[in-house]
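# Chain and residue survey
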Number of protein chains: 2
Amino acid sequence: MELTILGCYAATPRTFTNPTSQVLEIKNRLFLIDCGEATQVQLRKNKIKFSKINHIFISHLHGDHVYGLIGLVSTFMLLNRTNDLHIYGPKGIKEMITLQLRLSNSWTSYGLYFHELESNESEIVFEDEKVIVKTIPLKHRIYTNGYLFREKIGEKKLNAEAMKHYQIQTCYFQNIKNGKDITLDDGTFIGNDKLTFEPIPPKSYAFCSDTVYNENMIDLIKDVDTLYHESTFLESEATLAGKTMHSTAKEAASIALKANVKQLILGHYSTRYENISLFKEEAETIFPNVLLADDGKTFEI
Amino acid sequence: MELTILGCYAATPRTFTNPTSQVLEIKNRLFLIDCGEATQVQLRKNKIKFSKINHIFISHLHGDHVYGLIGLVSTFMLLNRTNDLHIYGPKGIKEMITLQLRLSNSWTSYGLYFHELESNESEIVFEDEKVIVKTIPLKHRIYTNGYLFREKIGEKKLNAEAMKHYQIQTCYFQNIKNGKDITLDDGTFIGNDKLTFEPIPPKSYAFCSDTVYNENMIDLIKDVDTLYHESTFLESEATLAGKTMHSTAKEAASIALKANVKQLILGHYSTRYENISLFKEEAETIFPNVLLADDGKTFEI
């Protein structure tokens, strides 16, 4: 998994900071998460291949998370996209996009599918043979979901030397990768553990923005490799955080600790703070492994 | 009048080029014309005082002219704007903006007034004591208007020396500025031409984008000081220009010539051209006074 931060600042796009958007690459799939204004410019600046994005996950319908979506949908059209595009987001997102297309008297050259969400329980929104994506219900001023991305456990890897040694024919390879044992023509039994290596452990990434401090998410994100949790404010603005239903760096760290995640990435900083390293300092008083998101930064998960 | 080009490229925002938006300053009023995606970032980069924009004129509802409007309306709200904001544009623009505000469960802290247009005849859309703004019906793939901004003729300037010489009391000054003659107590008649100087000639600016070559606009823009006319293509792509209802540089120059304007500014270039100076070269074969718009450029009118 590789995560690229296109934007991670709250509220409004500015000269040097961008609103929320991220690209998560998992096994050659590109997932776009949130799409603030001018996300398409950030995609260009970060040299991300537009055409490989087939799934876009929107957390909520505040402008700094969604106002770039209509521009991206339109640009895909101008680029003569033909692949289907799937958009996952709160109920209303379809009307938001289709009204604007209708008013500009245009329609997409590609299949545009909306998957509107309204449940307050976690649900699977995407699944294929390698990846599964679930919602993480969050608590914010409007209906909001985070998203949990999990790789599936892959096939076992063939032990090439064992294949050669026992002269196993290729037609048995898939069964062996699926975990089957083998009995040779002379009756010798060979256990699967001698024929294969364990698959690479699957990785997981949880995106949680925007939300007030909310322990309900802990069970859902338990033990994930990487948690992105919003930290709009520092503890000095805790009252404001509560009032606007955002979190502080300390609260984000507390969730990370209780969920036993491997690493925490902070983001969605209010632009009132000139020095984002304060967020890391504050979070590290609670949880050791803290990273700071910043526009254009890439994280290996 | 001072015109600042925030963006003047067609179709999509890119790393180094921005979609259409301009700020026109007339006698201390700031008019925003069109509002492509990330116009608010361009306003910041060009250090334009957001709060002074009270009137926004949108030509048509294609994304590269309007997708930045909702972001700007929202940011005005975050900046605690209180002044009324007036938006002029095609019917549908109100629904486009209000739907998005409703979906984000927000409303503006200031008065937001929509002036929806649907006439195919030129009409006055704004007028105060110093400026008048009229629509210029254009021909494009969807309903589109250009806008004509005209200063009103100002008051005559008092001739300070004459005031002193004839010992004219200040209570008569306004009448004199309005063109009245004076008869002194001794019966001497003094014509207004001896008491005043002519006002500064009023300036005019016509914004015409997007449009196919259309001679119907010529009467409306006759003799203006500055015409901005789109030139999406060069003559080599004339067929494409016709098909997409855009103009070539040569066609823009032909309109400028026939309307006897003082200067022509070209813009709305397709990003297929790497060298925009070709637009100037082509237009100058028809009309002598051609300037090239570019993002961040300012023109005195």
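Computed from a predicted structure; not experimentally measured.

With that out of the way, let us pick up the interface of chain A and chain B. Across the boundary between the two partners, chain A contributes 31 residues, which contact 31 residues of chain B. Surface buried jointly by chain A and chain B totals about 2800 Å² across both partners, of which 60% is contributed by carbon and sulfur atoms. A per-class count over the side of chain A that touches chain B returns 12 nonpolar, 13 polar and 6 charged.

This next bit is on the relation of the copies chain A and chain B. When chain A is fitted to chain B, the best match, at an RMSD of 0.1 Å, comes from turning it 180 degrees and sliding it 0.1 Å along the axis. One copy is carried onto the other by what is essentially a two-fold rotation axis. Relative to the rotation axis, the C-alpha of Ala 38 of chain A is the closest in chain A, positioned 2.9 Å from it. Both copies contact each other with a shared surface, as 100% of the interface residues of chain A are interface residues in chain B too.

This part is about the packing of helix H9 (residues 249-258) of chain A against helix H10 (residues 277-284) of chain A. Residue and element names in this part refer to chain A. For the pair H9 and H10, the least separation of the axes is 8 Å and the interaxial angle reads 45 degrees. Considered as vectors, H9 and H10 are oriented oblique to each other. H9 and H10 meet at a crossing whose hand is right-handed. Contacts between H9 and H10 pair Ala 249, Lys 250 and Ala 253 from the former with Phe 279, Glu 282 and Ala 283 from the latter. A per-class count over the contact of H9 with H10 returns 4 nonpolar, no polar and 2 charged.

Next up on the list: the domain arrangement of chain A. Domain annotation of chain A identifies domain 1 (2-154 + 200-300) and domain 2 (157-197). Put simply, the middle of domain 1 of chain A and the middle of domain 2 of chain A, counted by C-alpha atoms, are 43 Å apart.

Time to look at the nonpolar core. If you look at the biggest cluster of nonpolar residues, it comprises 60 residues, and the most contacted ones within it are Leu 69 of chain A together with Leu 69 of chain B. Discounting chain neighbours no more than four positions away, the residues touching Leu 69 of chain B are Cys 35, Ile 56, Ile 58, Ile 87, Ile 93 and Ile 97 of chain B.

As annotated by UniProt and renumbered to match this structure, "binding site: Zn(2+) 1" (unreviewed entry) occupies His 60, His 62, His 140 and Asp 210 of chain A. Taken along the chain, the residues just named run across 151 residues; in space they keep tight, none of their C-alpha pairs more than 10.4 Å apart. In this structure, His 62 of chain A sits in the loop between strand S4 (53-57) and helix H2 (63-66). For His 62 of chain A, a relative accessible area of 10% translates into the label buried. Among residues more than four places away in sequence, those in contact with His 62 of chain A are His 140, Arg 141 and Ile 142 of chain A together with Ser 104 of chain B. Note that Asp 210 of chain A resides in the loop between strand S14 (204-208) and helix H7 (218-221).

What follows concerns the packing of helix H4 (residues 93-103) of chain A against helix H4 (residues 93-103) of chain B. At their nearest, the axes of H4 of chain A and H4 of chain B sit 10 Å apart, and the two run at 175 degrees to each other. Here H4 of chain A lies roughly antiparallel to H4 of chain B, going by the angle between them. On the side of H4 of chain A, the interface is formed by Glu 95, Met 96, Leu 99, Gln 100 and Leu 103 of chain A, while H4 of chain B contributes Glu 95, Met 96, Leu 99, Gln 100 and Leu 103 of chain B. Across the contact of H4 of chain A with H4 of chain B, the residue classes break down as 6 nonpolar, 2 polar and 2 charged.

This next bit is on the packing of aromatic side chains. Summed over all chains, the structure comprises 26 aromatic pairs over all chains. Geometrically, the ring pair formed by Tyr 273 of chain B and Phe 279 of chain B is edge-to-face, given 5.1 Å between the ring centres and 90 degrees between the ring planes. Under the relative-accessibility criterion, Tyr 273 of chain B is labelled buried at 13%. Looking at Phe 279 of chain B, the relative accessible area reads 0%, which means it is buried. Through pairs of rings, three or more aromatic residues link up here, namely Phe 31, Phe 57, Tyr 88, Phe 126, Tyr 147, Phe 149 and Tyr 205 of chain A.

This part covers the UniProt feature "active site" (unreviewed entry) in chain A. All names here are of chain A. Under the UniProt annotation, the feature "active site" (unreviewed entry) is placed at Asp 64. If you trace the backbone, Asp 64 turns up in helix H2. If near-sequence neighbours (up to four positions away) are discounted, Asp 64 is found in contact with Ala 10, Ala 11, Pro 19, Thr 20, Gly 36 and His 268. Of note is the side chain of Asp 64, whose polar atom sits 3.0 Å from the backbone nitrogen of Ala 11.

Criteria and cut-off values
Residues numbered from 1 in each chain as written. Chains lettered and ligands numbered in written order. Predicted model: local features only at pLDDT ≥ 70, side-chain atom pairs only at ≥ 80, totals over all residues. Heavy atoms only, no water. Contact = heavy atoms within 4.5 Å. Buried area = accessible area lost by both parts, 1.4 Å probe. Nonpolar A, V, L, I, M, F, W, Y, C, P; charged D, E, K, R; others polar. Least-squares fit on C-alpha atoms with pLDDT ≥ 70 in both. Axes fitted to C-alpha atoms, helices over the stretch in contact; angles between N-to-C directions. Helix = DSSP H or I, 4+ residues; strand = E, 2+ residues; numbered from the N terminus. Parallel < 35°, antiparallel > 145°, perpendicular 65-115°, else oblique. Left-handed = near helix turned anticlockwise from the far one by under 90°. Domains from an automatic or database assignment. Core = buried A, V, L, I, M, F, W, Y, C linked by side-chain atoms within 4.5 Å. Buried < 20%, exposed > 50% of the residue type's maximum accessible area, 1.4 Å probe, protein only. UniProt positions renumbered as here; feature names shortened; annotations may be inferred. Phe/Tyr/Trp six-rings, centres within 6.5 Å; stacked < 30°, edge-to-face > 60°. Polar contact = N/O pair within 3.5 Å; in protein donor to acceptor, adjacent residues only side chain to side chain.

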